[in-house]
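Architecture at a glance
Residues per chain, in single letters:
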Amino acid sequence: MRVCTPITIRYGETDMMGVVYHANYLLYFEDARTAFLEAIGYPYARIEEAGFMSPVTHMECDYREPLRYGEGAVVRTRVVSSRPTKTVYAYEVFREGQDRNVERPCCTGRSTHCLVDAATFKPVSLKRCLPDLYGRYAEVLEPDEGEGR
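Residues numbered from 1 in each chain as written. Predicted model: local features only at pLDDT ≥ 70, side-chain atom pairs only at ≥ 80, totals over all residues. Heavy atoms only, no water.

As for the overall build of the chain
- Broken down by element type, the chain carries four helices and eight strands.
- C-alpha extents for the chain along the principal axes are approximately 45 × 35 × 25 Å.
- Element-wise, carbon and sulfur atoms account for 51% of the exposed surface of the chain, whose accessible area totals about 8100 Å².
- Across the chain, the centroid of the 19 positively charged side chains sits 5 Å from that of the 22 negatively charged ones. (Helix = DSSP H or I, 4+ residues; strand = E, 2+ residues; numbered from the N terminus. Areas by Shrake-Rupley, 256 points an atom, 1.4 Å probe, with all protein chains shown as cover. Lys, Arg positive; Asp, Glu negative; His and termini not counted. Charge placed at Lys NZ, Arg CZ, Asp CG, Glu CD.)

Points about the nonpolar core
- If you look at the biggest cluster of nonpolar residues, it comprises 33 residues, and the most contacted ones within it are Ile-47 and Leu-133.
- When residues of this core are traced back to their parent elements, those giving at least two are β1 (3-8), α1 (24-39), α2 (44-49), β4 (72-82), β5 (87-95) and α4 (131-140).
- A total of six residues in this core trace back to one element, the largest contributor, which is α1.
- Non-local contacts of Leu-133, meaning those with residues more than four positions away in its chain, are made with Leu-37, Ile-40, Tyr-42, Ile-47 and Leu-126. (Core = buried A, V, L, I, M, F, W, Y, C linked by side-chain atoms within 4.5 Å. Buried < 20%, exposed > 50% of the residue type's maximum accessible area, 1.4 Å probe, protein only. Contact = heavy atoms within 4.5 Å.)

A closer look at the packing of aromatic side chains
- Tallying each qualifying case throughout the model produces seven aromatic pairs.
- Ring geometry for Tyr-11 and Tyr-69: centres 5.3 Å apart, planes at 85°, overall edge-to-face. Taken together, the residues span a long stretch of sequence, with Tyr-11 in the loop between β1 and α1 and Tyr-69 in the loop between β3 (56-63) and β4 at a distance of 58 residues.
- Judged by its relative accessible area of 62%, Tyr-11 is exposed.
- With a centroid separation of 6.4 Å and an interplanar angle of 15°, the aromatic rings of Tyr-89 and Tyr-91 are classed as stacked. Here Tyr-89 and Tyr-91 have matching classes, each one buried.
- An aromatic cluster is present here, built from Phe-29, Phe-36, Tyr-89, Tyr-91 and Tyr-137 joined pairwise through their rings. (Phe/Tyr/Trp six-rings, centres within 6.5 Å; stacked < 30°, edge-to-face > 60°.)

Focus: the sheet that holds β3
- Strands sit in the order β1-β4-β5-β6-β3 across an open sheet of five strands; the sheet is antiparallel. Unpaired on one side and paired on the other, β1 and β3 mark the two borders of the sheet. Each neighbouring strand pair of the sheet contributes to a mean axis angle of 20°, computed without reference to strand direction.
- Of the strand pairs in this sheet, β5 and strand β6 (residues 107-113) are connected by seven bridges, and their pairing is antiparallel. Note on β6: the bridge partner recorded for Tyr-89 is Ser-111. (Pairing = 2+ DSSP bridges. Axes fitted to C-alpha atoms, helices over the stretch in contact; angles between N-to-C directions.)

Below is the structure:
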């Protein structure tokens, strides 16, 4: 399952050249991950209400073409790996209007998340602590070619 999240590029997110500052793509990824969880029926607030958090343990981002102030963008998000100890999201950022099935994205990235107890910050098993979410991930998983679960 892929979820597309629209992004409005604001002036304050750009540098002196009017290009989106590189670190702001991580904020776009976070917006997209939150929207993804909403779309699969498991909002992030539900994770926190259960007494857990899902911190980032790894982040990567590859920049191809700059986005600029005044442009719109769309972040396409999917889960590419789900294990009891970590979940990996993949992101593709497209300029608004691009054909997402044909054209290359302006930026791609991945974030890896674990699940921790909110009180102790100790890692816990997603499969054991939030089995409904773990099951949803299994239903919507889209691994990369040649990649297993």
